[in-house]
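# Tertiary structure, described
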Amino acid sequence: TNFTPGSSDWDNYFGIYPVLLKDGREVVKLNPNDYTKDLNGNSVDITSGLAGDVMIAFPKRGLRMRQNANILEISFTTNPNDSNYEYFAHNQDVFYVGAYQGFIDAEGKLRSLSGKAPTTNKTIGDFRTAAHLNGSNYEQFALYQLVYLQAIYSIKYNCLNGSKTLGNGYVQSNGSLKNSGLLNKQGYSFGNPSSDSDGLKFMGIEHFWGNAAQFID
């Protein structure tokens, strides 16, 4: 109840953390203020894909959304099994979202790697196939996880106007997209409401809106 809008206390409450993920397993946790290093300050390979993909981990939290007249009430619980809450985003104890917009590598796999141009001009089916090539439980960004993150946004910022809090994101592309990783050292949340070219981060995810359009499966 003492949290302030936009505070990092919310990041701690939701328990998020950046990680290298390979074959569905965590390899090493990353420094949230510098994805190129682990928590001990050692350099980490986040570009080649050999060490894994850069993902943001979201531990299990319950979400409740209910209508009260013309008010939508949103609340969370850290209880992993509360019958008054739903856990649609979590079919396991943690779900992971790519820290970057998707890049399809030479093997046809959808990856989350730094220093890459996001892949475009593919169908939703193409991206689904590319995600599945990484192995069991890999998908492109999906609806329940998106709703969960949107609910986090409304709680964290006490606001429904993303342009006011984090800005429009990178929308002045003129057909040229930003490569991933430019915000590796900007913490969990970053944005410039007075600029349309700086990009943004939300809960550790670069270009949560802006830059390339994204499919939701």
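Up top you'll find the structure we're talking about.
These remarks concern the structure in this document. Since the model is a prediction, treat every value here as computed from it, not as a measurement.

Inspection of every chain in the model, using the stated rule, returns seven salt bridges. With a shortest N-O distance of 2.9 Å, D11 and K156 are connected by a salt bridge. Of this pair, D11 sits in helix α1 (residues 9-14) while K156 sits in helix α3 (residues 143-157), and the two are 145 residues apart along the sequence. Grouping residues by exposure puts D11 and K156 together as buried.

A few words on unusual backbone geometry. One non-glycine residue, A69, lies in positive phi territory at about 60°. Here A69 is to be found in the loop between β5 (62-68) and β6 (71-77). In this structure A69 comes out as exposed when scored by relative accessible area, which is 67%. The backbone phi angle of N158 is positive, close to 50°, even though this residue is not glycine. When you line up the elements, N158 lands in the loop between α3 and α4 (162-165). The exposure class assigned to N158 is exposed, which follows from its relative accessible area of 62%.

What follows deals with the sheet that holds strand β4 (residues 53-59). Within a beta sheet, neighbouring strands are joined by backbone hydrogen bonds and run either parallel or antiparallel to one another. Here five strands make up an open sheet; going across it, the order is β3-β2-β1-β4-β7 and the pairing antiparallel. Only two strands of the sheet have a single partner each, and these edge strands are β3 (34-38) and β7 (94-98). Strand-to-strand twist of the sheet, defined as the mean angle between neighbouring strand axes without regard to direction, takes the value 50°. Bridge count for strand β2 (residues 25-31) against β3 is two bridges, and the pairing is antiparallel. Residue pairing in the sheet places L30 in a bridge with D38 of β3. Running at roughly 70° to β4, α3 makes contact with β4 and β7 of the sheet.

Taking the relative accessible area as the measure of exposure, K156 reaches 1% and is therefore buried. Here the side chain of K156 touches S189 through a polar contact of 2.8 Å, side chain to side chain. Not counting residues up to four positions away in its chain, the partners in contact with K156 are T4, P5, G6, S7, W10, D11, S189 and M203.

Here we take up α3. The terminal C-alpha atoms of α3 lie 21 Å apart, and with 15 residues this matches the ideal 21 Å at 1.5 Å per residue to within 8%. Among all positions in α3, only Q145, L146, Y148, L149, A151, I152, Y153, S154, K156 and Y157 are buried. Trailing α3 by a residue or two, N158 shows a phi angle of about 50°, which is positive.

Once that is clear, we can look at empty space enclosed by the protein. Following the criterion strictly, the structure yields one cavity of 30 Å³ or more and no others. Looking at the largest cavity, its volume works out to about 30 Å³. Lining the largest cavity, in full, are Q101, K116, P118, K178, N179, S180, E206, H207 and N211.

Criteria and cut-off values
- Residues numbered from 1 in each chain as written.
- Predicted model: local features only at pLDDT ≥ 70, side-chain atom pairs only at ≥ 80, totals over all residues.
- Heavy atoms only, no water.
- Salt bridge = Lys/Arg side-chain N within 4 Å of Asp/Glu carboxyl O.
- Helix = DSSP H or I, 4+ residues; strand = E, 2+ residues; numbered from the N terminus.
- Buried < 20%, exposed > 50% of the residue type's maximum accessible area, 1.4 Å probe, protein only.
- Pairing = 2+ DSSP bridges.
- Axes fitted to C-alpha atoms, helices over the stretch in contact; angles between N-to-C directions.
- Contact = heavy atoms within 4.5 Å.
- Polar contact = N/O pair within 3.5 Å; in protein donor to acceptor, adjacent residues only side chain to side chain.
- Expected span 1.5 Å × (residues − 1).
- 1 Å grid on protein atoms, 1.4 Å probe; cavity = no way out; pocket = protein on both sides within 12 Å on 5 of 7 lines; lining within 4 Å.
- Points joined across faces, edges and corners; volume = space filled by probe spheres on them.

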